[in-house]
Amino acid sequence: MEKIVALCKRRGFVFASSEIYGGLGSTYDYGHYGVLLKTNVKNEWWRAMVQERDDIVALDSAILQHPRTWEASGHLAGFTDPMVDCRTCGQRFRADHLPDLQCPQKPSKPPGDGPNCDLTEARDFNLMFETTMGPVKDSGATVYLRPETAQGIFVNFKNVLQFSRKKPPFGIAQVGKSFRNEITPGNFVFRTREFEQMEMEFFVPPDEAPRWYDFWKGARYDWYVELGIREDHLRLREHDSDELSHYSSATADVEYLFPMGWSELEGIANRGDFDLKQHTEFSGQKLEYFDGQTGERYVPHVVEPAAGADRAMLAFLVDAYDEDEIGGEQRTVLKLHPRLAPVKVAVLPHLRKDGLPEAAQEIYAALRGRMQSEYDEGGSIGKRYRRQDEIGTPYCVTVDHQSREDGTVTLRDRDTLEQERVTIDGLAHDLAARLAREWRSPKGTGAQA
Ligand code: GAP
């Protein structure tokens, strides 16, 4: 994980937030390549959820919602973690995570076991951030930063049903920021207090819920595999009955083998009719489906795949990170799926003279409107390849003297290190075809120059 954090900082993917003020506990800012990578992750999610299906529509609901939303959902009363404070060091810990944590004063021991530890009794700590709506604090209404995007979907069920001309089974998909005042955030962007979720609520006739639950477990596992995650680092784990949330009759996690061990990437839950019934009760508005043809009226059940964009991005980074040797030189490379790679192609003039930069600029100008491209003329060609390898660019195009004679360039593949001569005229088309190909992680196959 330290290597990933260092690479992310060195190459401007992710920085600690408010760094000039010493940072703010576990919030992060995304730089250029981080924004491009996370955007690609989210776009792949939209592609799988909405673009390639007829039965799911998109939504973007507000972060601030009516406070009754959180009463109805159960978050106000029950979205808590047990917390203890240490009277000696002033630090706060998740009571149920103590054995996995370190005492700040005696890191070889968990909090509570150090010679000076003095822990309070565990008490429930609500994870929702609250703020005040309106200009006057005392007379304003308390509102909450949403702790999940899902409730914005449930409260819009009626609107969407009316305007989308859909009937169950159908889904509503949303991507957006969520906020949780986590007691022990950590492991870089794995657990933070501000993060992005990619959630979809799939509304189904009650008797179809078990079948759709199985379907979405498979579909979501396959999404990670299709985007290159190695299958020996991915698993589906069904929750035991004592792990289930109050609303769920079945939940499975897609887990990834992170450096700190198997951890949740995404949860798929059979939520039953809990949410729609709760919002019906609290709002007085009937949230149900009426089938005009059969005369049937029912509250749909919900199957929910809920993923984290930052956490997925971290898994893709961890899975892609590799170090190998080329011509006796060490290289760091991100073997990312080409569709996820922040930059698809870099255009490099072999030398900074003889009209090669101008010819390369012309190619770059033609490519950049079609795909995320970079132009780089600084340093030796080997150094420029390494720079692109480090950010996961799948293809480098080198313009040399021969290019000016026969209209061809060298196309270098990040994974195989093969170099081919291809025509400049066919380059954009050729690259688009390569980027659309099926791809599996070559990590561990040891491609050598
Ligand atoms: N609506 C259901 C729900 O929110 P969750 O398991 O609490 O379920 C779904 O969250 C996903 O959101 C998680 O699998 C994870 O990927 C992401 N997530 C949750 N809390 C997070 C945090 N503090 N930091 C980063 N990602 C988080």
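Values in this document were obtained by computation on a predicted structure and should not be read as measured data.

A. Spotlight on the overall build of the chain. The secondary structure content of the chain amounts to 13 helices and 23 strands. Dimensions along the principal axes, computed over C-alpha positions, put the chain at roughly 75 × 70 × 50 Å. Classification of the 449 residues of the chain by burial places 51% in the buried group. Across the chain, every contact between residues at least 6 apart in sequence was considered, and the portion connecting residues at least 24 apart equals 65%. A total accessible area of about 21,200 Å² is found for the chain, and carbon and sulfur atoms account for 47% of it.

B. Focus on the side chain of Arg339. Counting through the fold element by element, Arg339 comes out in the loop between β18 (329-334) and β19 (345-349). The class of Arg339 is buried, set by a relative accessible area of 18%. At 3.0 Å, the side chain of Arg339 and the side chain of Glu44 are in polar contact. Polar contacts involving the side chain of Arg339 include one to the side chain of Glu226, which spans 3.0 Å. Apart from residues lying up to four places away in sequence, Arg339 is in contact with Asn40, Glu44, Arg47, Glu226, Leu227, Lys344 and Leu435.

C. Region of interest: the packing of helix α2 (residues 32-51) against helix α9 (residues 309-320). Following both chains from N to C, one finds α2 and α9 inclined at 105°, their axes separated by 9 Å at the closest point. Accordingly, the angle class assigned to the pair α2 and α9 is roughly perpendicular. In this structure, α2 uses Gly34, Leu37, Lys38, Val41 and Lys42 to contact α9, whose residues at the interface are Ala309, Asp310, Ala312, Met313, Phe316 and Leu317. When the residues that make up the contact of α2 with α9 are grouped by side-chain class, the tally is seven nonpolar, one polar and three charged.

D. Local environment of unusual backbone geometry. A cis amide bond links Pro168 to the next residue, Pro169, at an omega of 5°. Positive phi outside glycine occurs at Phe188, with the angle close to 60°. You can see Phe188 is positioned in the loop between β9 (170-179) and β10 (194-204). Given a relative accessible area of 8%, Phe188 falls into the buried group. Even without being a glycine, Asp354 presents a positive backbone phi close to 60°. By secondary structure assignment, the location of Asp354 is in the loop between β19 and α10 (356-368).

E. Local environment of the site of the ligand. In the vicinity of the ligand there are 20 residues, among which Glu148, Glu182, Thr192, Glu199 and Glu264 approach most closely. Interatomic distance of 2.8 Å between a side-chain N/O atom of Arg180 and an oxygen atom of the ligand. One of the backbone N or O atoms of Leu265 is found 2.9 Å from an oxygen atom in the ligand. Relative to its unbound accessible surface of 560 Å², the ligand loses 90% to contact with the protein. Of all the secondary-structure elements, those providing two or more residues to the shell around the ligand are β10, β13 (261-272) and β16 (301-308). Here the element with the most residues in the shell around the ligand is β13; it accounts for five residues.

F. Layout of α9. Given a rise of 1.5 Å per residue, 12 residues ought to cover 16 Å, and the 16 Å separating the end C-alpha atoms of α9 matches this to within 8%. Buried residues dominate α9, accounting for 12 of its 12 residues. Among all positions of α9, only Ala309, Asp310, Arg311, Ala312, Met313, Leu314, Ala315, Phe316, Leu317, Val318, Asp319 and Ala320 are buried.

G. Spotlight on the nonpolar core. Among the nonpolar cores identified, the biggest contains 56 residues, and Phe13, Met198, Trp216, Tyr224, Leu234 and Phe316 are the most heavily contacted of them. No other element matches α9, which puts nine residues into this core. Residues Ile363, Val409, Leu411 and Leu435 belong to the second largest nonpolar core, which totals 18 residues.

About the cut-offs
Residues numbered from 1 in each chain as written. Predicted model: local features only at pLDDT ≥ 70, side-chain atom pairs only at ≥ 80, totals over all residues. Heavy atoms only, no water. Helix = DSSP H or I, 4+ residues; strand = E, 2+ residues; numbered from the N terminus. Buried < 20%, exposed > 50% of the residue type's maximum accessible area, 1.4 Å probe, protein only. Contact = heavy atoms within 4.5 Å. Areas by Shrake-Rupley, 256 points an atom, 1.4 Å probe, with all protein chains shown as cover. Polar contact = N/O pair within 3.5 Å; in protein donor to acceptor, adjacent residues only side chain to side chain. Axes fitted to C-alpha atoms, helices over the stretch in contact; angles between N-to-C directions. Parallel < 35°, antiparallel > 145°, perpendicular 65-115°, else oblique. Nonpolar A, V, L, I, M, F, W, Y, C, P; charged D, E, K, R; others polar. Near = heavy atom within 4 Å. Expected span 1.5 Å × (residues − 1). Core = buried A, V, L, I, M, F, W, Y, C linked by side-chain atoms within 4.5 Å.

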